[in-house]
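# What the coordinates show
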Amino acid sequence: MQLEPRHFREVWLLDFEFSGSSGERPQPVCLVAWELHSGRRLRLWQDQLLAMKVPPYSLNKDSLLVAYYASSEMGCHLSLGWPMPANLLDLFTEFRNLTNGLTPLCGNGLLGALAWFGLSGVEAAEKETMRQLALRGGPWTREERAALLDYCESDVAALNGLLGKMEGIIDWPRALLRGRYMKAAGQIEYLGTPIDTSALSLLQQHWETIQDDLIQEIDADYQVFDGRTFKMVRFQDYLIRKNIPWPRLESGALDLKDDIFKDMAQAHPQLASLRELRVALSQMRLAELAVGSDGRNRCLLSAFRASTGRNQPSNSRFIFGPSRWLRGLIRPEFGYGLAYLDWSQQEFGIAAALSGDPQMLEAYASGDPYLTFAKQARAVPPDATKQSHPRERDQFKACALAVQYGMGEASLASRIGQPPSFARELLRLHRETYRTFWRWSDRVVDHAMLHGKLWTSFGWTVHTGTNPNPRSLRNFPMQANGAEMLRLACCHAVERGIRVCAPVHDAILIESPLDSLDEAIGTAQQAMADASDTVLGGLRLRSDAKIIRYPDRYQDDRGVKMWSTVGGVLERLGIDNLS
Amino acid sequence: MGKIDQVSAAIVCPPNNQAGDDPFDLNKLRLSQDFGATLGVKKALLTVPVRKPGRQDFSRVHPGEDWRLETVILELKEERETYLIDPNLWGQLPGELIPKVLYTVINRQGVLMLWPISLPGEDGRHNEWHRVALEAAEMAKKQWIRLAANMPLGAYEVYQASADIPEPEWPDTTFQEILRVAFKDRFIRSSDHPVVRRLRGEI
């Protein structure tokens, strides 16, 4: 059966206005909902909503809810104690899918979507004023209430017009699959990630002092800072002293972009602390981290914002932003445990499954695709192990990852600290070993350039636009199907009763009471395997679990050193420590 | 404000939930990721070098009898150019033409080339370089080999790949097409050709 909108008995367009400061759960202020078939219209204020045990519209399988960026609406449902709807259509995700890769002149918001279809919406300025009025919280005057309800209703009217334009071009069953994720995303945003608020306030309170002390401590090995300023000339002298070649810009100056620093720190581990310090100084905006009064980090996941369809939450508001050492702030609540579950070599597995490359599938099945790649390329003997050939394994791992990122020989050489000729040879071995993959990958780019678009297993589409980047297009199937997999895993996990705190690229963070933590991990890993099976048409990807039991805290391996350094600084200052 | 029923007057029917007809069956919703299936993109063969395989290249020779040509060629050493000569002109360039066999060769990087190997001269004598090259070409019909000149030895050394390397993937084309591409600007069919006239001392 082909699913179409006419199959729904009721179709409700709805919009909530809500209040709530950073990190807090949304508090519904008002709701406007229109039912398309009967013409029923609802305008409900906060007190009426709070008195309702169930929503004033049907959530059954024969009904459809329609909203624009629906995870917020789902958050309001949860705040009111209402269940999730069976079917949800989010016109934001569908508009993103329609225009992904192109540049809508007025953006991806409701107004942008209306403008795209030649429809007029409320004035942008008025929208912001009204949003602020709702966010401010009560009490509201009678006039303000009327204005907010009118504004809310104008958005529903706009939604109605938009649905009229889009209903014929929406890929319905897959659109509802995306809507299913927005339900899960709403529940994940509502739950949030537990934060050690004592440690957070220590860091916030003493950050100025910590910065100075950190520079003093870490820079002792480098001598490249002047006060809080990183001096390129001094860094250049350091590189000469240590005999470390460094990539330069066309101007001749050292290329100090963080990507370069990251690669160089991998090739020359003595640079890792300096890189982490630079990241900490530039990106640590603790005041912006969104933590609610219940001590949980909670922010918009910004689902489907990235062109690959991945979530793109704010770096400064989300605890899984780029400062890895700050993840040490994640700590389960009393009596609870956390588990960070990530797919093992997810992109390698996706590439193997989608291309059908037998050698690549064999490498993934081996459990250590990188060592197997080295064996298949005959760079190590058949009985080589991770212990007997660690260096070769690392190099072939770097090569496999470089291919996934579309890296050239120069970048790979810099990452593995070897000359370009060595990197060139590694890349050649990849091409020779995984010929079927490369033929498929070339066809992917050809298809995108000829037909103007690519799509995932469940229809997330990228358009090549006017300035296509073949490297991104080549990587799109791995990244975007990885995103499909994560979304589906979140749906499965949430629907199976798992408390998902956050999705993180190729991983999910879950929490559970300690006595049922192992069971929850099993269920969540099953959800992840099921999702990979569905997206890849039969390949079940493995996942790893990092378990944290109260009172331990979460630590990212790459941030442990910085965390303990900061802890040491605090201890020295006689303030406290971060244990 | 638009009419509320602007979207679709047909949004009325309840869903059909018959067993086995689930619109949300993810296995039915999955889209193919084999982007090449309907693509119709084929690599065009526009360049075929005429040379022996590089000393670092492991190569294979096409085993088919129809994939080689015994002919004569003209080599301009200074220009490093090789010309194919129409048989009607063979008698007009005495001493300039060399009998060769052109083998179809592909290396591990998928580069297709024609490998010219000298045949014995009128006296039937064959120098060691050419003899070993012919022998290597025969070996390369069945296994990957690499050829490196050893000057003190006065012959090529042939290295056989000991590993189990996959068979070559020959392009979907014909030997005639390969010849056409390889000699598209270097096929001498008339005595008015500037190269012929130069060799005769006419220009």
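The model shown is predicted, which means the values in this text are computed figures rather than measured ones.

## Section: the overall build of chain B
Each helix and strand in chain B was counted, giving four helices and eight strands. Residues counted as buried form 22% of the 203 residues belonging to chain B. In chain B, once contacts between residues fewer than 6 apart in sequence are set aside, the share between residues at least 24 apart is 62%.

## Let's talk about the overall build of chain A
The helix and strand inventory of chain A stands at 21 helices and 15 strands. Computed over the C-alpha atoms, the radius of gyration of chain A is 26 Å, within 12% of the 25 Å expected from 2.2 N^0.38 for a compact globule of 579 residues. Along the longest, intermediate and shortest principal axes, the C-alpha atoms of chain A span 75 × 60 × 55 Å. Counting the 579 residues in chain A, one finds 46% classified as buried. Restricting to contacts in chain A with at least 6 residues of sequence separation, those with at least 24 account for 65%.

## Examining the domain arrangement of chain A
How big an interface is tends to be expressed through the accessible area that disappears when the partners come together. For chain A, the assigned domains read domain 1 (5–191), domain 2 (197–289) and domain 3 (347–457). Centre-to-centre, using C-alpha coordinates, domain 1 of chain A lies 44 Å away from domain 2 of chain A.

## Focus: the packing of helix H10 (residues 258–267) of chain A against helix H16 (residues 409–416) of chain A
Residues and elements named next belong to chain A. Taken N-terminus to C-terminus, the directions of H10 and H16 make an angle of 45 degrees; their axes are 6 Å apart at the nearest point. If you check the angle between H10 and H16, you find them oblique. Mapping the contact onto sequence places Asp263, Met264, Gln266 and Ala267 in H10 and Ser411, Ser414, Arg415 and Ile416 in H16.

## Here's the deal with the sheet that holds strand E13 (residues 499–504) of chain A
Residues and elements named next belong to chain A. Sheet architecture is open: four strands sit in the order E13-E14-E10-E15, paired in antiparallel fashion. Strand pairing shows two members of the sheet lacking a second neighbour, E13 and strand E15 (543–549), which therefore form its edges. Taken pair by pair, the neighbouring strands of this sheet meet at an average axis angle of 20 degrees, ignoring direction. As paired elements, strand E10 (residues 336–343) and strand E14 (residues 507–513) share seven bridges and run antiparallel to each other. By the bridge assignment, Gly337 is partnered in E14 with Ser512.

## Side note on unusual backbone geometry
It is generally the case that most residues other than glycine have a negative phi and that most peptide bonds are trans. Residue and element names in this part refer to chain A. With an omega of -5 degrees, the peptide bond running from Gly138 to Pro139 counts as cis. On the secondary structure map, Pro139 appears in the loop between helix H5 (124–136) and helix H6 (142–166). The omega torsion of the bond from Tyr550 to Pro551 falls at 10 degrees, within 30 degrees of zero and hence cis. Among the structural elements, Pro551 can be located in the loop between E15 and helix H21 (560–572).

## Some thoughts on the confidence of the model for chain B
Residue and element names in this part refer to chain B. The share of residues in chain B with pLDDT of 70 or more is 86%, and the mean pLDDT across the chain is 82. Looking at the elements of chain B, mean pLDDT is at its lowest for helix H1 (residues 26–29), recorded as 83, and at its highest for strand E1 (residues 59–61), recorded as 95. Predicted confidence for residues 1–19 stays below pLDDT 50, and this span has 42 contacts to residues more than four positions away or in other chains. Reported confidences for the modelled complex are a pTM of 0.81 and an ipTM of 0.74.

## Things to note about the pairing of E13(A)
Judged from the five bridges that link them, E13(A) and E14(A) form a sheet pairing that is antiparallel. Paired with A:Val500 across the bridge in E14(A) is A:Ile510.

## Thoughts on the pairing of strand E6 (residues 145–150) of chain B
Residue and element names in this part refer to chain B. Bridging between E6 and strand E7 (residues 155–160) involves six bridges; their strand directions are antiparallel. If you follow Leu147 over to E7, its bridge partner there is Val158. Counting the residues between successive antiparallel strands, the hairpin from E6 to E7 contains four residues, one of them, Gly154, with a positive phi of roughly 80 degrees.

## Points about the environment of A:Arg25
All names here are of chain A. Mapped onto the fold, Arg25 is located in the loop between strand E1 (10–19) and strand E2 (27–35). Assessed through the 19 C-beta atoms surrounding it within 10 Å, Arg25 is described here as partly exposed. For the pair Arg25 and Glu189, spaced 164 residues apart in sequence, the C-alpha separation works out to 8.4 Å. Contact partners of Arg25, with chain neighbours within four places excluded, come to Gly20, Gly75, Ser79, Tyr190 and Gly292.

## Topic: the sheet that holds strand E5 (residues 88–90) of chain A
Residues and elements named next belong to chain A. Read across the open sheet, the five strands follow the order E3-E2-E1-E4-E5; overall the sheet is mixed. What marks the edges here is a single partner per strand, and that holds for strand E3 (41–45) and E5. Taken pair by pair, the neighbouring strands of this sheet meet at an average axis angle of 25 degrees, ignoring direction. Sheet topology note: the E1/E2 ladder contains eight bridges and is antiparallel. Bridge pairing in E2 links Glu17 to Cys30. Packed onto the sheet, H6 meets E1, E2, E3 and strand E4 (63–67) and runs at close to 140 degrees relative to E1.

## Overview of the nonpolar core
Counting residues in each nonpolar core, the largest one holds 165 residues, and the members touching the most others are A:Val66, A:Leu91, A:Cys490 and A:Ile510. At 13 residues, the largest contribution of residues to this core is made by helix H19 (residues 470–495) of chain A. Here A:Cys490 is in contact with A:Tyr181, A:Ala184, A:Ile188, A:Val500, A:Pro503 and A:Ile508, once residues within four sequence places are set aside. Core analysis: the second largest hydrophobic core is formed by 23 residues, B:Leu102, B:Ala136, B:Ala140 and B:Trp144 among them.

Calculation criteria
- Residues numbered from 1 in each chain as written.
- Chains lettered and ligands numbered in written order.
- Predicted model: local features only at pLDDT ≥ 70, side-chain atom pairs only at ≥ 80, totals over all residues.
- Helix = DSSP H or I, 4+ residues; strand = E, 2+ residues; numbered from the N terminus.
- Buried ≥ 20, exposed ≤ 12 C-beta atoms within 10 Å, placed from the backbone.
- Contact = placed C-beta atoms within 7 Å.
- Rg over C-alpha atoms; globule rule 2.2 N^0.38 Å.
- Domains from an automatic or database assignment.
- Axes fitted to C-alpha atoms, helices over the stretch in contact; angles between N-to-C directions.
- Parallel < 35°, antiparallel > 145°, perpendicular 65-115°, else oblique.
- Pairing = 2+ DSSP bridges.
- pLDDT = per-residue confidence, 0-100.
- Core = buried A, V, L, I, M, F, W, Y, C linked by C-beta atoms within 7 Å.

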